[in-house]
Amino acid sequence: GDTKEWKIVGLTQRTYRRTWLNLSESIDACDKLHNVSQHKVACIEVNVEKTKSPMEQLLLHGKLDGLIGVHGAQMTQAILLPRHAHVLELLPWIPHYSRGKW
């Protein structure tokens, strides 16, 4: 088939800090988007801590149409995305947040 009909969305994950707690459920929900979209959607986990080289990171991000992730260092990888790609950065709700004091 024609691969242009597919949209690949990466959901970022980290092993230690700022982990996405319900990532599996989020990927499942994301995969169901093709039922309401004109495109087929495939959602994948993107964890640069599991890649073997910078080249692997470049190849992985270079094929994504979108990147969704929790605020943090892993979102700097968005610079590797193609020009047409979109980025959604999630900032967790933090009780008692006041002007930069986490």
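See above for the structure.
Residues numbered from 1 in each chain as written. Predicted model: local features only at pLDDT ≥ 70, side-chain atom pairs only at ≥ 80, totals over all residues. Heavy atoms only, no water.

Caption draft 1: Spatial organisation of the pairing of strand β3 (residues 66-70). Taking burial as the measure, the five residues of β3 include four buried ones, the bulk of the element. Here strand β1 (residues 6-12) runs beside β3; their pairing, made up of three bridges, is parallel. Counterpart to G10 in the pairing with β3 is L67. The pairing of β3 with strand β4 (residues 86-90) spans five bridges and is parallel. By the bridge assignment for β4, L67 is matched with V87. (Buried < 20%, exposed > 50% of the residue type's maximum accessible area, 1.4 Å probe, protein only. Helix = DSSP H or I, 4+ residues; strand = E, 2+ residues; numbered from the N terminus. Pairing = 2+ DSSP bridges.)

Caption draft 2: Main features of a nonpolar patch on the surface. Together, M55, L58 and L59 make up an exposed nonpolar region whose accessible area comes to about 300 Å². Its location among the elements puts L58 in helix α2 (residues 54-61). Judged by relative accessible area, which is 40%, L58 ranks as partly exposed. (Patch = residues over 30% accessible without salt bridge, like charges linked within 9 Å, V, L, I, M, F, W, Y side chains within 5 Å. Areas by Shrake-Rupley, 256 points an atom, 1.4 Å probe, with all protein chains shown as cover. Salt bridge = Lys/Arg side-chain N within 4 Å of Asp/Glu carboxyl O.)

Caption draft 3: Focus on the nonpolar core. Residues V9, L11, W20, L23, I27, C30, V41, C43 and V70 constitute the largest nonpolar core, which totals nine residues. Looking at this core, the elements that each hand over two or more residues are β1, α1 (23-31) and β2 (40-46). If you tally residues by element for this core, the top one is α1, at three residues. Discounting residues that sit within four places of it in the chain, W20 has contacts with L11, T12, Q13, S26, I68, G69, V70 and L90. Formed by seven residues, the second largest nonpolar core is a distinct cluster that contains V46, L64, L67 and M75. (Core = buried A, V, L, I, M, F, W, Y, C linked by side-chain atoms within 4.5 Å. Contact = heavy atoms within 4.5 Å.)

Caption draft 4: Structural context of the pairing of β1. Pairing geometry for β1 and β2, over seven bridges, is parallel. Looking at the pairing, G10 lines up with I44 of β2.

Caption draft 5: Local environment of the pattern of salt bridges. Here the structure, examined in full by the defined rule, presents two salt bridges. For E49, the salt bridge identified is with R14, shortest N-O distance 3.6 Å. Remark: R14 occurs in the loop between β1 and α1 and E49 occurs in the loop between β2 and α2; sequence separation between them is 35 residues. When its relative accessible area of 38% is taken as the criterion, E49 is described as partly exposed.

None of this, on its own, says anything about what the molecule does.
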